[in-house]
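# Structural overview for review
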Amino acid sequence: GPLQVHWYALAYIAGIFCAYWYVRRMLRQPGAPMAARHADDLVTWAMLGVILGGRLGYVLFYNLSHYMAHPLEIFKLWDGGMSFHGGVIGVTLAIWFLCRRNGLSFLRVCDYVACAVPIGMFFGRLANFVNGELWGRATDVPWAIIFPASGTMDPRHPSQLYQAGLEGVALFALMAVLFWGTAARYFPGRLVGWF
């Protein structure tokens with residue numbers, strides 16, 4: 001049809017809404033660094049931060065010469081090209097802006113966000129797998145996969161699934177244990193440090 005659905009778009013939507021739900025749930029616990037209404041603003045600013053920062057990071061870190069020659073292509077988000085590094089910078093700036101504007105503790109808000117970030121990382125790595133990018137080394141393990149975009153027909157490690165499991169599921173579980181099972185959330189920066 002005329003509307004193309006991209007896996008990254010679905011990953012971003014799923015990650016943002018699931019993380020938003022999770023942060024709202026965490027805010028119901030004693031000692032929360034912000035009110036639920038701040039979470040509404042946080043998701044808006046974080047969404048802008050991850051998209052603008054992710055794109056700007058990709059442009060600056062990975063393909064600057066191309067975008068200098070074709071500056072209008074910077075705005076073609078549908079053609080792909082997002083940077084995790086740029087997204088982190090963008091979200092951090094968005095959180096800083098929200099905290100400064102509302103008199104909130106930057107580190108404590110970052111602690112809560114750090115607990116939710118693995119959700120988005122999980123969905124992002126699944127999108128990498130479906131798109132057939134960021135494949136691993138050639139291997140002969142039984143679960144190896146052929147990624148045609150790699151330029152060879154050599155079976156490769158599905159490193160995206162490894163990352164989804166480690167950066168997504170395992171890191172989420174660790175952060176959940178630290179948040180729900182310890183007093184780490186009461187010490188500014190501790191959860192970010194663990195992340």
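Just so it is clear, the structure is predicted and the values come from calculations on it, not from any experiment.

### Points about the overall build of the protein
Helices and strands together make up the secondary structure of the protein, namely 7 helices and 2 strands. For the protein, the α and β elements follow one another from N to C terminus as α-α-α-α-α-β-β-α-α. Structurally, the protein occupies a C-alpha span of about 55 × 45 × 35 Å along its principal axes. The buried share of the protein, reckoned over its 195 residues, is 35%. A separation threshold of at least 6 residues defines the contact pool for the protein, and within that pool the share at least 24 residues apart is 62%. Accessible surface for the protein amounts to roughly 11400 Å². Of this, 69% is attributable to carbon and sulfur atoms.

### Comments concerning the packing of helix α4 (residues 84–102) against helix α5 (residues 106–131)
Relative to each other, α4 and α5 sit at 145°, their axes nearing to 11 Å. Handedness of the α4/α5 crossing: right-handed. Residues Phe84, Thr92, Ile95, Trp96 and Cys99 of α4 pack against Phe106, Val109, Cys110, Val113 and Met121 of α5. Residue composition of the contact of α4 with α5, by class: 9 nonpolar, 1 polar and no charged.

### Considerations on a nonpolar patch on the surface
Residues Leu56, Leu60, Phe61, Tyr62, Leu64, Met68, Ile89 and Leu93 make up a contiguous nonpolar surface patch of roughly 850 Å² in combined accessible area. Within the residue set of the nonpolar patch, elements represented by two or more residues are α2 (36–62), α3 (64–69) and α4. Of all the elements, α2 adds the most residues to the nonpolar patch, at 4 residues. Looking at the secondary structure, you find phenylalanine 61 in helix α2. On the basis of relative accessibility, which here comes to 48%, the residue phenylalanine 61 falls in the partly exposed class.

### Side note on the environment of tryptophan 7
Position of tryptophan 7 among the secondary structure elements: in helix α1 (residues 7–26). A relative accessible area of 45% means that tryptophan 7 is categorised as partly exposed. Sequence-distant contacts of tryptophan 7, defined by excluding residues within four places in its chain, comprise Ala127, Val130 and Asn131.

### Describing the packing of α5 against helix α6 (residues 159–181)
Contact geometry for α5 and α6: axes closest at 8 Å, N-to-C directions at 165°. The pairing of α5 with α6 is recorded here as roughly antiparallel in orientation. Judged by the sense of rotation from one axis to the other, the crossing of α5 with α6 is left-handed. Contacts from Tyr112, Ala114, Cys115, Pro118, Ile119, Met121, Phe122, Arg125, Leu126, Asn128 and Phe129 of α5 reach α6 at Gln160, Leu161, Gln163, Ala164, Glu167, Gly168, Val169, Leu171, Phe172, Met175 and Phe179. Tallied by class, the residues present in the contact of α5 with α6 amount to 16 nonpolar, 4 polar and 2 charged.

### What about the state of the cysteines?
Across all of its chains, the model carries 0 disulfides by this definition. As a non-bridged cysteine, cysteine 18 has cysteine 115 as the owner of its nearest cysteine sulfur, 16 Å distant. Judged by relative accessible area, which is 34%, cysteine 18 ranks as partly exposed. In this model cysteine 115 remains outside any disulfide bridge; the closest cysteine sulfur is found in cysteine 110, 11 Å from its own.

### Digging into the pattern of salt bridges
If you walk through the whole model with that rule in mind, you get 2 salt bridges. Between arginine 24 and aspartate 40 there is a salt bridge, with the nearest N and O atoms lying 2.9 Å from each other. Taken together, the positions of arginine 24 in helix α1 and aspartate 40 in helix α2 put the pair 16 residues apart, joining distant regions of the chain. What makes arginine 24 partly exposed here is its relative accessible area of 30%. Judged by its relative accessible area of 32%, aspartate 40 falls in the partly exposed class. Residue glutamate 167 is joined to arginine 125 by a salt bridge in which the shortest nitrogen-to-oxygen separation is 3.2 Å. Placement of glutamate 167 in helix α6 and of arginine 125 in helix α5 is noted, with a sequence separation of 42 residues between them.

Rules of the game
- Residues numbered from 1 in each chain as written.
- Predicted model: local features only at pLDDT ≥ 70, side-chain atom pairs only at ≥ 80, totals over all residues.
- Heavy atoms only, no water.
- Helix = DSSP H or I, 4+ residues; strand = E, 2+ residues; numbered from the N terminus.
- Buried < 20%, exposed > 50% of the residue type's maximum accessible area, 1.4 Å probe, protein only.
- Contact = heavy atoms within 4.5 Å.
- Areas by Shrake-Rupley, 256 points an atom, 1.4 Å probe, with all protein chains shown as cover.
- Axes fitted to C-alpha atoms, helices over the stretch in contact; angles between N-to-C directions.
- Left-handed = near helix turned anticlockwise from the far one by under 90°.
- Nonpolar A, V, L, I, M, F, W, Y, C, P; charged D, E, K, R; others polar.
- Patch = residues over 30% accessible without salt bridge, like charges linked within 9 Å, V, L, I, M, F, W, Y side chains within 5 Å.
- Salt bridge = Lys/Arg side-chain N within 4 Å of Asp/Glu carboxyl O.
- Parallel < 35°, antiparallel > 145°, perpendicular 65-115°, else oblique.
- Disulfide = S-S within 2.5 Å.

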